Amino acid sequence: MRLIISVAALMVHASNLGADGAFYGDPPDAHHPWSIHDLNRPQPPRAEPGTFSSQAEPGKPPSDAIVLFGGTEADLSKWQPVKNPTEATKWIVQDGALLCVPKSGYIRTKEEFADCQLHIEWSAPAKVVGSSQNRGNSGVFLMGLVEVQVLDNYENPTYADGFAGSVYGVNPPMANALQKPGEWQVYDIIFRRPLFKDGREVDPGALTVFCNGVLLQDHTPLEGGGGHKARSEPHPFPDKGPLQLQDHGNPVRYRNIWYRPLPPRAAEGGTDGLLTVEAATAKKMEIANNIRQDAARLEGKAKMLRLMESLCYEQNETALKDSAAMATTFLADVKQVPAAKIELRKGDVLELNKAVQYLAKYHFIPGDFAAKGELERFIKEQGWDKKR
Ligand code: MG
């Protein structure tokens, strides 16, 4: 029954008809600007899903992805050498893949970004040459700073924290899920950069990595980002940086490179998750203001309930006064209805009572809120308080 009600309320709210769905779940609190099941909370943006890759051909990115390499010659213009950025990259496009020409140097995207979902596919040379770190070595550097290792570890051991899918120098992958050399390997990476506030680390940043659908890194803390032969100390990262690919002297190929930027975390101004009291208060004021603006274009009962709903987010004197006045007027009007027709108003009265009881329960209205006692008395007189 609950599900039916909430789906119906959602549909009504989509057309913005007022306070349906309000006065329902736990209200906003000091750290959460939204109530539970809050219909004021924005709908998730639509991302049209893409398709999965096969060995024969790359899949299609989701509709909101930003493509960094889609298989064309023209995509090369999105990249530049790390050493001499003004020159064209010496990596080449071959059969729809971005090929590392050994000794041509690292390349980076012109585009800079930070927290992201990154999709990138790579293939080590089918002809096996070398061993350990010298076989099919390249690397995916998030923000140019943290390397997710690319290495042909198919039947090729090496030091664990430099294995394919390691956060290089920080953490080995949980598994070796590689296909044979020459085959395409799919990395799906979720990257969160470290966050510092007033010189203090508030989030160490993290990498989550899947290889061919197998989880390798599960929100691994960055510990400063790691590096070759040396540990690194946690340090602030810039706001954004390029995606960088490594030339380690092996002709590794890449294809189907795209990313989706991720929304900010609570610690950097995002409004989902557990917020500070200050951030939650600011967001609640914004929500209350939006609801009051919505109320201003409504009439009658819908206006009254919407205005009352705003009190859950912010104690606003005017909204409280207006709500009380409207509730009193509403009840006075109902009392004028002839006895023969009073049942027709039962639903409206109980709806108002539900709102008032909810607001009182969570102390969003004072105990002496004028309409509250009157409503309770009236409902009792009518016998509407009795369950049938
Ligand atoms: Mg490498």
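Here, every reference points to the structure presented above.
Residues numbered from 1 in each chain as written. Predicted model: local features only at pLDDT ≥ 70, side-chain atom pairs only at ≥ 80, totals over all residues.

Student: Give a detailed account of the sheet that holds strand E8 (residues 146-150), specifying residues and quantitative values.
Tutor: On the basis of which strands lie adjacent, the open sheet formed by 5 strands has the order E2-E5-E14-E7-E8 and antiparallel pairing. Strand pairing shows two members of the sheet lacking a second neighbour, strand E2 (79-81) and E8, which therefore form its edges. Taking the axes of each pair of neighbouring strands and ignoring which way they run, one obtains an average angle of 30° across the sheet. As judged from the 4 bridges shared by strand E5 (residues 107-113) and strand E14 (residues 241-245), these two strands associate in the antiparallel manner. Counterpart to Ile-107 in the pairing with E14 is Leu-245. (Pairing = 2+ DSSP bridges. Helix = DSSP H or I, 4+ residues; strand = E, 2+ residues; numbered from the N terminus. Axes fitted to C-alpha atoms, helices over the stretch in contact; angles between N-to-C directions.)

Student: Please give an account of the nonpolar core that cites residues and values.
Tutor: Among the nonpolar cores identified, the biggest contains 48 residues, and Val-140, Leu-142, Val-146, Tyr-187, Leu-207 and Tyr-254 are the most heavily contacted of them. Excluding its chain neighbours within four sequence positions, the residues that come into contact with Leu-142 are Phe-191 and Leu-243. Of all hydrophobic cores here, the second largest spans 27 residues; its members include Ala-22, Leu-307, Tyr-313 and Ile-365. (Core = buried A, V, L, I, M, F, W, Y, C linked by C-beta atoms within 7 Å. Buried ≥ 20, exposed ≤ 12 C-beta atoms within 10 Å, placed from the backbone. Contact = placed C-beta atoms within 7 Å.)

Student: Provide a residue-level description of the pairing of strand E12 (residues 206-211), including the pertinent values.
Tutor: Of the two faces of E12, the one lined by Leu-207, Val-209 and Cys-211 is fully buried and the one lined by Ala-206, Thr-208 and Phe-210 carries no buried residue. Relative to E12, strand E9 (residues 185-192) runs antiparallel, the two being bridged by 6 bridges. From the neighbouring strand, Ile-190 faces E12, where its bridge partner is Thr-208. Summarising the sheet, E12 and strand E13 (residues 214-221) pair through 5 bridges and their orientation is antiparallel. Paired with Val-209 across the bridge in E13 is Gln-217.

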